[in-house]
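Fold and contact review
Okay, here's what each chain looks like letter by letter:
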Amino acid sequence: MTADIVLSELTTDDLWVLLQEDLYDGLNEEVVAEVQEALARGEHPQTVLQKGLIAGMDVVSADFRNGVIFVPEVLVAANAMKAGLDVLRPYLSRSESPPIGTVVIGTVRGDIHDIGKNIVAMMLEGAGFEVINLGKNVTVEDFTRAVKAHNAHILGMSALLTTSMPYMKEVIDALAAQGLRERVIVLVGGAPLNEVYAREFGADAYCRDAYEAVHTARRLLHIRLRGDHESG
Ligand code: B12
């Protein structure tokens, strides 16, 4: 019960705890108000994301893994996460300069987990990339079509299930078959993945989180553009 709590009277540390708890309980309105309160205090949007929303989702993940909560509770928490992210989106994706590159991103077919992928998309936008977010349950055809249509520099694929993860290889193989593989940097992410799988599937890099995604996207694009410049 958070109705009697006056947010402005809380310390910032208590505000993070409340935000995490309300996210866990799926209290969308409270989560929105707490994110707004943190921003009004001058907290950096990435701090709000990390200390409030992601920290709350970490508890959800742990309790789901340990059988304390089940899919319905996770879904409710995920909705609250989404409500909080909607408030943060304009702050995280604000960029005044022209795009530094184009990214096509999506969660692979058979998989509807999109929270992490959406965070990566927002952070890439914030870093100055143009991002085409294809959503979740994305097919080989939709990925390859979008890479071609947008002349993407980077393709990002997300998978949270061990069963959906191998689909990444199908997408990468299709890119190769269509002569597009050399043109695009492929980044992959999601809980079950690691460097070894990424290499096995033919991706250029695995990124543990959104920060690493931004850093890797910038680094590999820089190397790619420098190479193009030198060979052209
Ligand atoms: C939330 C959640 C759900 C929600 C999803 C809501 C949504 N809109 O996304 C709901 C309730 C729908 C759900 C459903 C299911 N889930 Co679920 N879910 C989770 C949970 C608890 C959290 C995932 C999450 O959002 N994490 C928070 C975000 C911020 O982290 P993240 O996704 O890892 O993203 C970060 C990085 O991975 C990386 N990243 C992610 N994507 C990308 C992409 C690129 C390009 C890059 C560079 C980086 C990158 O950066 C992100 C930000 O930092 C995980 C537990 C876990 N440990 O992951 C289980 C989990 C993924 N789910 C699991 C399961 C089994 C299921 C179901 C099959 C359950 C069921 N019986 O129905 C269904 C599957 C439905 C389907 N077909 O997809 C298992 C998967 C097990 C496995 N190894 O395959 C997990 C691991 C839980 C568990 N321990 O059992 N789930």
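The paragraphs below set out a description of the structure included in this document. Predicted model, so just to flag it, every value in this text is computed and none were measured.

1. Looking at the pairing of strand β3 (residues 154-158)
Burial runs high along β3: 5 of the 5 residues are buried. The alternating pattern of β3 places I154, G156 and S158 and L155 and M157 on opposite faces, both of which are buried. With 5 bridges connecting them, strand β1 (residues 102-107) and β3 associate as parallel partners. Opposite I105, over in β3, you have G156 as the bridge partner.

2. Describing helix α5 (residues 115-126)
The terminal C-alpha atoms of α5, which comprises 12 residues, lie 17 Å apart, in line with the 16 Å expected from a rise of 1.5 Å per residue. Among the 12 residues that make up α5, 10 are buried, leaving the element largely enclosed by the rest of the structure. Burial in α5 covers these residues: K117, N118, I119, V120, A121, M122, M123, L124, E125 and G126. Residues of α5 that are buried make contact with α4 (71-92), β1, β2 (130-133), β3, β4 (185-189) and α9 (210-231). Following α5 by one or two positions, G128 adopts a phi angle in the positive range, close to 105°.

Conventions we followed
Residues numbered from 1 in each chain as written. Predicted model: local features only at pLDDT ≥ 70, side-chain atom pairs only at ≥ 80, totals over all residues. Buried ≥ 20, exposed ≤ 12 C-beta atoms within 10 Å, placed from the backbone. Helix = DSSP H or I, 4+ residues; strand = E, 2+ residues; numbered from the N terminus. Pairing = 2+ DSSP bridges. Expected span 1.5 Å × (residues − 1). Contact = placed C-beta atoms within 7 Å.

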